[in-house]
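Spelled out, the chains give:
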Amino acid sequence: MDYTAKLAKVKEKIRAKGRQITLSSIDPDSADTNKPWQATTNPRDPLNTDSTTIYAVNVPMSSASSLGIRAEAVELYKDTQSVFIAEPGEDTPEDFDQYQLVTDGGREFKITFIEKLKPADLTLLYYIGVNS
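Here is a short report on the structure shown in this document. (Residues numbered from 1 in each chain as written. Predicted model: local features only at pLDDT ≥ 70, side-chain atom pairs only at ≥ 80, totals over all residues. Heavy atoms only, no water.)

**Section: the overall build of the protein chain**
Looking only at helices and strands, the protein chain has 3 helices and 6 strands in total. Ordered by position from N to C terminus, the α and β elements of the protein chain give α-β-β-α-α-β-β-β-β. The proportion of buried residues among the 132 residues of the protein chain is 39%. Considering only contacts in the protein chain between residues 6 or more positions apart, those separated by 24 or more positions represent 67%. As displayed, the protein chain offers around 8,100 Å² of accessible surface, 49% of which is attributable to carbon and sulfur atoms. (Helix = DSSP H or I, 4+ residues; strand = E, 2+ residues; numbered from the N terminus. Buried < 20%, exposed > 50% of the residue type's maximum accessible area, 1.4 Å probe, protein only. Contact = heavy atoms within 4.5 Å. Areas by Shrake-Rupley, 256 points an atom, 1.4 Å probe, with all protein chains shown as cover.)

**Describing the pairing of strand E1 (residues 19-24)**
Note that E1 and strand E2 (residues 51-60) share 6 bridges and pair antiparallel. Looking at E2, one finds that Gln 20 is bridged to Tyr 55. (Pairing = 2+ DSSP bridges.)

**Description of the side chain of Asp 104**
Mapped onto the fold, Asp 104 is located in strand E4 (residues 101-104). There is a polar contact of 2.8 Å between the side chain of Asp 104 and the side chain of Arg 19. Apart from residues lying up to four places away in sequence, Asp 104 is in contact with Arg 19, Gln 20, Ile 21, Asn 58, Phe 84 and Phe 109. (Polar contact = N/O pair within 3.5 Å; in protein donor to acceptor, adjacent residues only side chain to side chain.)

**Here we look at the nonpolar core**
Ranked by internal contacts, the top residues of the largest apolar core, which has 14 residues, are Leu 23, Val 102 and Ile 128. Those elements that place two or more of their residues in this core are E1, E2, strand E3 (82-86), strand E5 (107-117) and strand E6 (125-131). Look past the residues within four positions of Ile 128 in its chain and what remains in contact with it is Leu 23, Ile 54, Ser 82, Val 83, Phe 84, Ala 86, Phe 96, Val 102, Ile 111, Phe 113 and Ile 114. Counting residues in hydrophobic clusters, the runner-up holds 10 residues, among them Val 10, Tyr 77, Ile 85 and Leu 125. (Core = buried A, V, L, I, M, F, W, Y, C linked by side-chain atoms within 4.5 Å.)

**So, unusual backbone geometry**
Located in the positive-phi region is Ala 120, a residue other than glycine, with phi close to 60°. Here Ala 120 is to be found in the loop between E5 and E6.

**Let's talk about the sheet that holds E2**
Strand order in the closed barrel formed by 6 strands is E1-E2-E3-E6-E5-E4, and the pairing between neighbours is antiparallel. Across the sheet, the axes of successive neighbouring strands diverge by a mean angle of 45°, strand direction being ignored. Sheet topology note: the E2/E3 ladder contains 5 bridges and is antiparallel. Bridge pairing in E3 places Ala 56 opposite Ala 86. Sheet contacts for helix H1 (residues 4-17): E2, E3 and E6; angle to E2, the most-contacted strand, approximately 75°. (Axes fitted to C-alpha atoms, helices over the stretch in contact; angles between N-to-C directions.)

Structure representation (structure tokens):
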């Protein structure tokens, strides 16, 4: 089955009901290569991190089972406050695992989990769990 038309419909619905959020990474490299245990001075330096902007809808974690998130996984994510249902985006549609932070309306959240709905070879949407 070709899911391209379904992806277009998913994006249309998420963009109609959601808002833009930014996913970004934290620079894992040390500021001093001789002291790799010391963190970089600015792990969020835009020159050393990746980011992408996508559309998403934010829902409370209490709705996780109705979102299709596996019941056994809910206990693993007990620190998760809310879940963004997100489109795959245009920049990195298959590579969201590289991101650790979500910025939504000026607030920054730590990503606790990322799951995707991927029938066949095309990701239709992501569930991105976050906490503050």
